[in-house]
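# Per-entry structural report
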Amino acid sequence: MLICGLILPTNANKVTDMNGMKKIVVSGVAAAVALGMGISASAADLKVLTAGAIKQVVVAMTPQYEASTGNKIILENDTAGGLAKRIEGGASFDVVIMTPNLISELVAKQKVSAGSVMNLARVGIGAMVPAGAPKPDISTVEHFKQALLNAKSVAYIDPASGGSSGIYLAKLFQQWGIADEIDRKAVKVQGGYVGDQLVNGKATFGVHQISEILAVKGVTLIGPLPAEIQNYTVYTAAVSSASKEQAAAQALLHLLEGPEATRALQQKGMERP
């Protein structure tokens, strides 16, 4: 039996109201199933702000979420710093996924609910070259440093844009005393995929989060940075305190912590924190 897009069990009870009209009394089990799927009488538009690499996972899980709830996800992506500026400027949202430190700031400002905070994933940094190009050795810290110095041009996220990988790399270059040399041949990317700069020929070597490298056709992942200098970005989710779609937002977070999302993370080069 199908009612409002839900299949009800054939043993649902039929009763007659005072006007002689037939209506259906759904068993507690069927009602629980309907509620568990998150389907509601009125669909919600859920505005989700994502930083960097986690966008790919949300995109992968969106069809399942929309089909099971009837809600629609409106997704906007930026660097973590860019999202923080938007929210500080009054941008509305229902769910935000960014770095833990920025989520903590939003909790302190009561812009997100402390009880909704959830660590979803982490991803490390890797290096890449254009597809078909020779892959330099980056297996040790010294080899990675030499690969940077040997490259004609190096692309990475612009630290000024607030991207976590770019901020980390800039500090690393400073520590090594090669910041000026790298800066002279740097292709600093404001947002999006660093790999695109290798595909269009603007850079010969790139450094970005592994999941962002795997998402670009036309580049080859050399491998992760050596363990001694590896840096993981953790992605943490929270629900806006001002959201009028609290139930829909929680349903999304529930899906993103589930086994299907775990598989999507692994396919995108990420892992659970």
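As the structure is a prediction and not an experimental result, all values here were calculated from the model. (Residues numbered from 1 in each chain as written. Predicted model: local features only at pLDDT ≥ 70, side-chain atom pairs only at ≥ 80, totals over all residues. Heavy atoms only, no water.)

### With respect to the nonpolar core
Under the convention used in this document: The nonpolar core is taken to be a set of buried Ala, Val, Leu, Ile, Met, Phe, Trp, Tyr and Cys residues, with the residues joined through side-chain atoms within 4.5 Å. Each residue is placed in one exposure class: buried if its accessible area under a 1.4 Å probe, protein chains only, is under 20% of its type's maximum, exposed if it is over 50%, and partly exposed if it falls in between. Each helix is a run of H or I in the DSSP string that is no shorter than four residues. Each strand is a run of E no shorter than two, and both are numbered from the N terminus. We call two residues in contact whenever any of their non-hydrogen atoms come within 4.5 Å of each other.
With 43 residues, the main nonpolar core has Val96, Ile97, Met98 and Met270 as its most contacted residues. When residues in this core are grouped by element, the largest group, six residues, is from helix H10 (residues 246-256). Excluding residues that lie within four positions of it along the chain, methionine 98 makes contacts with Ala51, Ala80, Leu83, Ala84, Ile103, Leu106, Val234, Tyr235 and Thr236. In this structure, Ile125, Leu172, Val207 and Leu225 belong to the second largest nonpolar core, which totals 23 residues.

### Topic: the sheet that holds strand E12 (residues 205-209)
The condition is simple: The criterion for strand pairing is that DSSP finds at least two bridges linking the strands in question. Axis lines are fitted through C-alpha atoms, for helices just across the contact stretch, and the angle between N-to-C directions can take any value from 0 to 180 degrees.
One open sheet holds the five strands; their spatial order is E11-E10-E12-E9-E13, and the pairing between them is mixed. The open sheet terminates on both sides in strands that have one partner only, identified here as strand E11 (186-189) and strand E13 (219-224). Taken over all neighbouring pairs, the strand axes of this sheet differ in orientation by 30° on average, direction set aside. Here strand E9 (residues 125-130) runs beside E13; their pairing, made up of five bridges, is antiparallel.

### Remarks on helix H2 (residues 54-69)
Our working definition: For a helix, the expected span equals 1.5 Å multiplied by the number of residues minus one. Two axes enter the definition of the bend at a residue: one is fitted to the seven residues ending there, the other to the seven starting there, and the bend is the angle between them.
Between its first and last C-alpha atoms H2 spans 21 Å; for 16 residues at 1.5 Å apiece the expected length is 22 Å, and the two agree. Where H2 bends most, at methionine 61, the angle is about 40°, and the proline proline 63 comes one to four residues later. Turning to H2, its buried residues number three or more, namely Ile54, Gln56, Val57, Val58, Met61, Thr62, Tyr65, Ser68 and Thr69. Glycine 70 sits one or two residues past H2 and shows a positive phi near 80°.

### Focus on the packing of aromatic side chains
Rules: Each pair of aromatic rings taken from Phe, Tyr and Trp, with Trp reduced to its six-membered ring, is defined by centres within 6.5 Å and is described as stacked if the planes are under 30 degrees apart, edge-to-face if over 60, and tilted in the remaining cases. A ring has a charge above it when a Lys NZ or an Arg CZ is no more than 6 Å from the ring centre and no more than 35 degrees off the ring normal.
With the rule as written, the count across this model stands at two aromatic pairs. Centroid distance phenylalanine 144 to tryptophan 176: 6.1 Å. Interplanar angle 70°. Geometry classified as edge-to-face. On the criterion of sequence distance, the pair formed by phenylalanine 144 in helix H5 (residues 141-150) and tryptophan 176 in helix H6 (residues 164-176) is long-range, its members being 32 residues apart. Here the aromatic rings of tyrosine 156 and phenylalanine 173 are separated by 5.6 Å at their centres, their planes lie at 80°, and the arrangement is edge-to-face. Separated by 17 residues along the polypeptide, tyrosine 156 in strand E10 (residues 154-157) and phenylalanine 173 in helix H6 bring together distant segments of the chain. In terms of burial, tyrosine 156 and phenylalanine 173 fall into one category: buried. Note that arginine 122 overlies the ring of tyrosine 232, its terminal NZ or CZ placed 3.9 Å from the centroid.

### Quick word on the side chain of serine 211
Mapped onto the secondary structure, serine 211 falls in helix H9 (residues 210-214). With a relative accessible area of 0%, serine 211 lands in the buried category. Apart from residues lying up to four places away in sequence, serine 211 is in contact with Ala53, Gln56, Val123, Lys268, Gly269 and Met270.

### Thoughts on unusual backbone geometry
Residue glutamine 110 is not a glycine yet carries a positive backbone phi of 60°. By the element assignment, glutamine 110 lies in the loop between helix H4 (100-108) and strand E8 (118-123).

### Topic: the environment of alanine 53
Here alanine 53 shows up in the loop between strand E5 (45-51) and H2. Taking the C-alpha atoms as reference points, alanine 53 and threonine 233, separated by 180 residues in sequence, lie 9.3 Å from one another. Alanine 53 has contacts with Val123, Gln209, Ser211, Glu212, Tyr235 and Met270, leaving out every residue within four places of it along the chain.

### Section: the environment of phenylalanine 93
The topology assignment puts phenylalanine 93 in the loop between helix H3 (80-88) and strand E7 (95-98). Here phenylalanine 93 is in contact with Lys47, Leu49, Ile87, Lys111, Val112, Ser240 and Ser243, once residues within four sequence places are set aside.

### Section: the sheet that holds strand E14 (residues 233-239)
The strands making up a sheet associate through backbone hydrogen bonding, with each pair oriented either parallel or antiparallel. Ordered by their spatial adjacency, five strands build an open sheet running E6-E5-E7-E14-E8, and the pairing between neighbours is mixed. Looking along the sheet, the strands with just one partner apiece sit at the ends: strand E6 (72-78) and E8. Each adjacent strand pair in this sheet contributes to an overall mean axis angle of 20°, direction not counted. Looking at chain direction, E5 and E6 are connected through seven bridges and run parallel. Along E6, the bridge assignment pairs valine 48 with leucine 75. H4 contacts E7 and E14 of the sheet and is inclined by roughly 140° relative to E7.

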